Each structure stands twice: as structure tokens, then as C-alpha cells.
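In case you want the letters, here they are:
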Amino acid sequence: MKNWYVVYTKPKWEKKVAEKLTEIGIKCYCPLITQIKEWSDRKKKVEVPLFNSYVFVQLEDINRNSVFQISGVIRYLFWLGKPAIVKDSEIDIIKTSLKAPNISDISVTSIQVGDRIKLEAGAFTNQDAIVQEISNTHYILVLESLGCVLKIKYK
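Presented here is an overview of the structure given in this document. Throughout, a residue's number is its position along its own chain's written sequence, starting from 1. It should be noted that, the model being predicted, local features are given only for residues of pLDDT at least 70 and side-chain atom pairs only at 80 or more, the latter also being counted only at that level, while totals for whole chains, interfaces and linings use all residues. Excluded from the side-chain calculation are hydrogens and water; included are all heavy atoms of the structure.

## A short note on the pattern of salt bridges
Moving on, step 1. The salt bridge criterion pairs a side-chain nitrogen of Lys or Arg with a carboxyl oxygen of Asp or Glu, the two atoms within 4 Å. Under the counting rule described, the total for this entry stands at four salt bridges.
Moving on, step 2. When the shortest N-O distance is used, the salt bridge between Asp41 and Arg42 registers 3.7 Å.
Moving on, step 3. The partner of Asp128 in a salt bridge is Lys118, and the shortest N-O contact between them spans 3.3 Å. With a gap of 10 residues between them, Asp128 in strand E11 (residues 128–134) and Lys118 in strand E10 (residues 116–118) connect regions that are remote in the sequence.
Moving on, step 4. Here's how the labels work: a residue is buried when its accessible area is under 20% of the maximum for its type, exposed when over 50%, partly exposed in between, all with a 1.4 Å probe on protein chains only. Residue classification places Asp128 among the partly exposed residues on the basis of a relative accessible area of 47%.
Moving on, step 5. With a relative accessible area of 47%, Lys118 lands in the partly exposed category. What counts as a helix is a DSSP run of H or I of at least four residues, what counts as a strand is a run of E of at least two, and both are numbered from the N terminus.

## Remarks on the sheet that holds strand E13 (residues 148–153)
Moving on, step 1. One open sheet holds the four strands; their spatial order is E10-E11-E12-E13, and the pairing between them is antiparallel. Across the chains shown, the open sheet's two edge strands, defined by having one partner strand only, are E10 and E13. When the angles between neighbouring strand axes are averaged without regard to direction, this sheet yields 40°.
Moving on, step 2. Across six bridges, the pairing between strand E12 (residues 138–143) and E13 is antiparallel. Bridging from a neighbouring strand, Tyr139 pairs with Ile152 of E13. Whether two strands pair depends on DSSP finding at least two bridges between them. Axes here mean lines fitted to C-alpha atoms, for a helix over just the part in contact, with angles spanning 0 to 180 degrees between N-to-C directions.

## Observations concerning the packing of aromatic side chains
Moving on, step 1. Between the rings of Phe, Tyr and Trp (Trp by its six-membered ring), a pair exists once the centres lie within 6.5 Å; its type follows the angle of the planes, with under 30 degrees stacked, over 60 edge-to-face, and the other angles tilted. Applying the stated rule across the entire model yields five aromatic pairs.
Moving on, step 2. Taking 5.8 Å as the distance between ring centres and 75° as the angle between the ring planes, the aromatic pair formed by Tyr5 and Tyr76 counts as edge-to-face. Placement of the pair is Tyr5 in strand E1 (residues 2–9) and Tyr76 in strand E6 (residues 73–76), with a sequence separation of 71 residues. The exposure classification of Tyr5 matches that of Tyr76, with both residues buried.
Moving on, step 3. Ring geometry for Phe51 against Phe56: centres 5.7 Å apart, planes inclined by 90°, an arrangement best described as edge-to-face.
Moving on, step 4. Residue Phe56 is classed as buried on the basis of its relative accessible area of 5%.
Moving on, step 5. An aromatic cluster is built from Tyr5, Phe68 and Tyr76, whose rings are joined through pairwise contacts.
Moving on, step 6. A ring is scored as having a charge over it whenever the NZ atom of a lysine or the CZ atom of an arginine sits within 6 Å of its centre and within 35 degrees of its normal. Between Lys10 and the ring centre of Trp13, over which it is positioned, the NZ or CZ distance is 4.7 Å.
Moving on, step 7. The ring of Trp13 is capped by Lys16, whose NZ or CZ atom sits 4.5 Å from the centre of that ring.

## Things to note about helix H1 (residues 14–23)
Moving on, step 1. Residues of H1 that are buried: Glu14, Val17, Ala18 and Leu21. Down the axis of H1, the smallest arc covering the buried residues is 100°, so these residues share one side.
Moving on, step 2. Whether two residues are in contact is decided by their heavy atoms, any of which lying within 4.5 Å being enough. The secondary structure elements touched by the buried residues of H1 are E1, strand E2 (27–29), strand E4 (43–49), strand E5 (54–60) and E6. Think of it as the arc spanned by the lines of direction from the helix axis to the C-beta atoms.

The values are spatial; any link to function lies outside them.
Written as C-alpha cells, this is what we have:
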């Protein structure tokens, strides 16, 4: 069974790595967005990767090492000690979202300690929280409106 994995690349090598992976027959996806870059003398539209230093590859687990033939590939992204697997539906969501005509700007950031977030599922849906701690096994969130601390463990 082929899974989508995330390959970590050298900075600014995402498009080159995706091109080379395609040339050797590995299915990959490097989501690109168009941005306007401004220099002192001109403005230009350029396509830049949505995720810095990440390219998605779809292959069987047994063939995972084949990506290291390509210059610019550093390692796989790991989650909880295993190579991170991205669901087909998540790749489809990224593709569909990038095709939406009304999107003018997209940025990707990770959750950090001190961030204010809104919980989207579970018993505390729609509650605002402050991220107090992030570890390999859990998040600790402060729910000020309820006066409590919430520890969320992930598998």
C-alpha cells in the first residue's frame, strides 16, 4: 500500500527535489502558491512552496529509502518516532484549497507556547485556550473562561 510521507529538504530546494523525484518515477506533490515579490526596482509574481522545506511523496514503505538518491533530500519528517503519514484526504484538501479562486494570501505556521487557539472538537468545542506546553505526547492548554487547565494526550 502506498502512503504519503513528508520529505524534509534543504532550504529553497523544494521545487528542484520535486522535479528530480518525478524524473526517477516517484509520485510527489509540492504545493505552490503565487506571491508578489517586491524589489527596489520592480515587482514580480513568483511561485513559492506552501510548506518551506517540505515535499510530499507517495510510495510503499519498502521503497522509502529511494528518495535519498536525490540531492537536496535531508530526511523524512517523523511524528511520535515514526515517519509521518499524510492521509490521501488531507492531500486532496490541500489541492482543493489551493484551487479556490478567492484566496489571496496563505501562510502556514505551527502552534507555539503562548498562542491563543479555539478548540474545534470534543467536549470543549468553541472554547478559547492558551497553549501552555507542547511535548511529544501531549498539549497543555489553559481555558481561562472555565478556569481550568486541559491536558490533551495524542497517540
